[in-house]
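# Architecture at a glance
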Amino acid sequence: MMEVMGVGIGILALFVGFGLLIGILFGFFGMGGSFLVTPALLVMGYPSRVAVGSGLAFVFGTSVIATLKHRDMGQVDYKLGVLMIAGTTAGLEVGKEIVLHLESLGLAGSIISVTYVVLLGGIGLFVTYEAVKGDGGGGVEHEADADAEIDADDIPDIAKKIQSYNVPPMIKLRGGIRVSLWMILGVAFATGLLSGFLGVGGGFIRMPALFYLIGVPVPIAVGTDLFEIVFSGGIGSFIYAMDGGVDLSIVLPLLAGSALGARLGSAATSIVDESEIKVYFGLMLLGGSVAVAVREVGSYLDMPILDTVSLVLILGSALLVSGMVVYSSLVELRSDSARQSPTAD
């Protein structure tokens, strides 16, 4: 039957739909799509090299689209982004060396898997708890407010403590935030180390770190994180492409769907209440943690059926959370429209 670039029509439609789904989440949270795409491709039977390389190429393309949308809304802090790239790069190298050392001891696989599940679930629980508790709400919700001074009540206590350390040089960020350069580089190094150790893009680590540790409003944290992913995803996909690890028959249909999804998700960050963004983000991480844990148990017990269960959990949580994002956006738009419309009498 007819195939497009070696991929059946059914698979092509699946990839386009999956790309739309991931694009919404990517633009809304600033999380690397490889967090969902790579495990899905592995379960579908693609070689590890192709799954990782194609996932990175997808991340690069989607991050460019989403970053441009966040830029249009004034939600990218380029100064902070460049500093984070510098610190993260150093951390990645250290993380990689730790992995190589653990591999020589034969402990890398088990330690990384356990750390990944615990970290993913821990951050998910923390973010969800903080959001439900109502700590650090408010922030920047519209483009016009992007450069406004941030209310001290909207900054998490940990970030206030970090901002209080007056260690020159001090850097002024969007929203009037002043933070020591060394504190920014320290946070970037720590997130980079974890990214290098776990072998992930690190969006699920960086986005909450920018908010809870540095005090950057959630929409700007998402936009700045995406700006950084443009570089890390670009370099990673180039390295894998040189080794034949990027399959365009996978990447192109994924990007076709995510082109729309990323812009929808990015636009939603200026519509949906910031506390809801954090709740959805936490739920997304918790779903991913359970899915990864199920996959690891399946590998340990040699039960391939659990790989399928893991994929269903990944797709199900992604579908649920992206649906909640779209629904919340529509409700908020309808409420705004009702408030702005004159009462008919």
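Cut-off values and rules
Position numbers for residues count from 1 along each chain, tracking the sequence in the order it is written. Where totals are concerned, whole chains, interfaces and linings use all residues; where local detail is concerned, this predicted model gives features only for residues with pLDDT of at least 70, and gives and counts side-chain atom pairs only at 80 or more. Excluded from the side-chain calculations are hydrogens and water; all other atoms, namely the structure's heavy atoms, are used. Working definition: helices are DSSP H or I runs of at least four residues, strands are E runs of at least two. Numbering for both runs from the N terminus. Only the protein chains shown count as cover for residues, with accessible areas throughout obtained via the Shrake-Rupley method and a probe of 1.4 Å. UniProt positions are given in the numbering used here, feature names are shortened, and annotations may be inferred rather than shown by experiment. Cavity means a closed set of points on a 1 Å grid over the protein atoms alone, one where a 1.4 Å probe fits but cannot get out, pocket means an open set with protein on both sides within 12 Å along at least 5 of 7 lines, and lining means a residue has an atom within 4 Å of a point. Grid points are joined across faces, edges and corners, and a volume is the space filled by probe spheres set on the points. Each residue's exposure class comes from its accessible area (1.4 Å probe, protein chains only) as a fraction of the maximum for that residue type: buried when under 20%, exposed when over 50%, partly exposed otherwise. A pair of strands is treated as paired once DSSP finds two or more bridges between them. In this description, the arc belongs to the directions extending from the helix axis to the C-beta atoms. Should any heavy atoms of two residues lie within 4.5 Å, those residues are counted as being in contact. Salt-bridge detection follows one rule: a side-chain nitrogen of Lys or Arg within 4 Å of a carboxyl oxygen of Asp or Glu. A fitted line through C-alpha atoms represents every axis, and for helices the fit uses only the stretch in contact; the resulting angles, taken between N-to-C directions, go from 0 to 180 degrees. Throughout this description, any angle smaller than 35 degrees is read as roughly parallel, any larger than 145 degrees as roughly antiparallel, any in the 65 to 115 degree range as roughly perpendicular, and the remainder as oblique. By definition, any crossing whose near helix is turned counterclockwise from its far helix by less than a right angle is left-handed, and any crossing with a clockwise turn is right-handed. Ten residue types, Ala, Val, Leu, Ile, Met, Phe, Trp, Tyr, Cys and Pro, are classed as nonpolar, four, Asp, Glu, Lys and Arg, as charged, and the remainder, Gly among them, as polar. Think of a nonpolar core as a cluster: buried Ala, Val, Leu, Ile, Met, Phe, Trp, Tyr and Cys residues, connected wherever their side-chain atoms sit within 4.5 Å. Contacts described as polar in this section are N or O atom pairs within 3.5 Å, which, within protein, must combine one atom able to donate a hydrogen with one able to accept it, while residues neighboring in sequence count only if both atoms come from side chains.

Here we take up the overall build of the protein. Each helix and strand counted, the protein has 12 helices and four strands in total. Put simply, the protein shows about 15400 Å² of open surface, and 68% of that area lies on carbon and sulfur atoms.

Moving on to the UniProt feature "transmembrane region" (unreviewed entry) in the protein. Following the UniProt record, the feature "transmembrane region" (unreviewed entry) maps to residues 7–30, 50–68, 105–127, 179–204, 210–231, 238–259, 279–297 and 309–330 here. Note that residues 210–231 is 86% helix and 0% strand, and that its end C-alpha atoms are spaced 18 Å apart. Between the C-alpha atoms that bound residues 309–330 there is a distance of 31 Å. The span itself is 100% helix and 0% strand.

Its volume calculated, the second largest pocket comes out at about 180 Å³. When residues of the lining of the second largest pocket are traced back to their parent elements, those giving at least two are helix H5 (108–133) and helix H8 (203–214). With five residues, the single largest contributor to the lining of the second largest pocket is H8.

A word on the pairing of strand S3 (residues 170–173). Burial along S3 is one-sided: Ile171 and Leu173 are buried, and none of Met170 and Lys172, which face the opposite way, are. Judged from the four bridges that link them, S3 and strand S4 (residues 177–180) form a sheet pairing that is antiparallel. Across the sheet, Lys172 pairs through a bridge with Arg178, a residue of S4.

This paragraph deals with helix H6 (residues 157–164). For H6, every residue scored as buried is listed here: Ala159, Ile162 and Gln163. Along the axis of H6, the buried positions cluster into a sector of 100 degrees, meaning they face one direction only. Elements in contact with the buried residues of H6: S3, S4, helix H7 (181–198) and H8.

Summed over the entire model, instances satisfying the criterion amount to four salt bridges. Between Arg206 and Asp225 there is a salt bridge, with its nearest N and O atoms 2.6 Å apart. Of this pair, Arg206 sits in helix H8 while Asp225 sits in helix H9 (residues 218–242), and the two are 19 residues apart along the sequence. Residue Arg206 is classed as buried on the basis of its relative accessible area, which comes to 1%. In the salt-bridge network here, residues are joined through shared partners; they are Arg71, Asp72 and Arg263.

Running from amino to carboxyl end, H7 crosses H8 at an angle of 155 degrees, the nearest separation of the two axes being 10 Å. With respect to their mutual orientation, H7 and H8 come out roughly antiparallel. Judged by the twist between their axes, the crossing of H7 over H8 is right-handed. Of H8, the residues touching H7 (which contributes Ile184, Val187, Thr191, Leu194, Ser195 and Leu198) are Phe204, Ile205, Arg206, Ala209, Leu213 and Ile214. Taken together, the residues of the contact of H7 with H8 sort by class into nine nonpolar, two polar and one charged.

Counting 69 residues, the largest nonpolar core has Phe29, Leu173, Ile184, Phe204 and Ile214 as its most contacted members. Of the residues forming this core, the biggest block, nine residues, is contributed by helix H1 (residues 9–29). Filtering out sequence-adjacent residues up to four positions away, Leu173 remains in contact with Asp77, Lys79, Leu80, Val179, Ile184, Ile214 and Val216.

Bringing the side chain of Ser54 into the picture now. Along the chain, the position of Ser54 falls in helix H3 (residues 48–72). The class for Ser54 is buried, based on a relative accessible area of 0%. A polar contact is formed between the side chain of Ser54 and the backbone oxygen of Val50, at a distance of 2.8 Å. Only 3.0 Å separates the side chain of Ser54 from the backbone nitrogen of Asp247, close enough to count as a polar contact.

Moving on: the side chain of Thr191. Its place among the elements puts Thr191 in helix H7. The residues touching Thr191, leaving out its near neighbours within four places in the chain, are Met84, Thr88, Ile205, Arg206 and Ala209.

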